[in-house]
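One letter stands for each residue in the lines below.
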Amino acid sequence: MPIAECAGGCPRLVSISVDPQGNPLAAADPTRFAVRYHHCSTCQRFWCDACDDGARPCRRCGAALEAPTPRHALEIIFGGRARIPEHLLASVQRPGAALLQPKRRGGN
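Just so you know, these numbers come straight off a predicted model, no measurement behind them.

Cut-offs applied
- The numbering scheme is per chain: residues are counted from 1 as the chain's sequence reads.
- With the structure being a predicted model, the display of local features is reserved for residues of pLDDT at least 70 and the display and counting of side-chain atom pairs for 80 or more, all residues being used for whole-chain, interface and lining totals.
- Values reported for side chains reflect all heavy atoms of the structure, with hydrogen atoms and water molecules removed beforehand.
- Residue types Ala, Val, Leu, Ile, Met, Phe, Trp, Tyr and Cys, when buried and joined through side-chain atoms within 4.5 Å, form a set referred to as a nonpolar core.
- Between buried and exposed lies partly exposed: a residue is buried under 20% and exposed over 50% of the maximum accessible area for its type, with that area taken using a 1.4 Å probe on protein chains only.
- Where helices and strands are cited, they refer to DSSP runs of H or I of at least four residues and of E of at least two residues respectively, numbered from the N terminus.
- Here, residues are in contact when the closest pair of their heavy atoms is within 4.5 Å.
- Salt bridge, as applied in this entry: a Lys or Arg side-chain nitrogen positioned within 4 Å of an Asp or Glu carboxyl oxygen.
- Strands are treated as partners if at least two bridges between them are detected by DSSP.

Student: Talk me through the nonpolar core; I want residue IDs and the actual numbers.
Tutor: If you look at the biggest cluster of nonpolar residues, it comprises 14 residues, and the most contacted ones within it are Cys 6, Val 14, Ile 16, Tyr 37, Phe 46 and Cys 48. Those elements that provide at least two residues to this core are β5 (46-48) and α2 (70-78). In contact with Cys 6, not counting residues within four places along its chain, are Arg 12, Val 14, Phe 46, Trp 47, Cys 48 and Cys 51.

Here you go:
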């Protein structure tokens, strides 16, 4: 499960998943993990839902926050957007893509 520290300084970790429902293990432990978050595309920080509701700009750099996307998890897993295999990147950018429609519960 790709995770990131919350930029808000809280003890929760942000669970980043390609599953739109979030990682079920993280969702089962909301005191340690956040499955709802926002991401700053400028400074690359992640904010858990408790520290930032996404309605305001990033407190670190002032840029607009974006909603979670499956691309975030793939970028972390593969070490950057340029390293994501083209077929995976294309599938998460297409609305209604098969990768975005979970067929099972669990995993990333």
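Student: Pulling in residues and values, what's your account of the pattern of salt bridges?
Tutor: Pairs can form between side chains of opposite charge whenever their charged atoms are close. For the structure shown, the criterion picks out three salt bridges. With a shortest N-O distance of 3.0 Å, Asp 49 and Arg 12 are connected by a salt bridge. On the criterion of sequence distance, the pair formed by Asp 49 in the loop between β5 and β6 (65-66) and Arg 12 in the loop between β1 (3-5) and β2 (13-15) is long-range, its members being 37 residues apart. For Asp 49, a relative accessible area of 27% corresponds to the partly exposed category.

Student: Lay out the sheet that holds β5 in plain terms, naming residues and giving numbers.
Tutor: The strand order across the open sheet formed by three strands is β5-β4-β6, and the pairing between neighbours is antiparallel. In the strand order of this sheet, the two ends are held by β5 and β6, each with one partner. Examined bridge by bridge, strand β4 (residues 37-40) and β5 share three bridges and lie antiparallel to one another. By the bridge assignment, His 38 is partnered in β5 with Trp 47.

Student: I'd like a rundown of the sheet that holds β2, residues and numbers included.
Tutor: With mixed pairing, the three strands of this open sheet are ordered in space as β1-β2-β3. Strands at the two margins of the open sheet, each flanked by one partner only, are β1 and β3 (33-34). By the bridge criterion, two bridges tie β2 to β3 in an arrangement that is parallel. Paired with Val 14 across the two strands is Ala 34, which belongs to β3.

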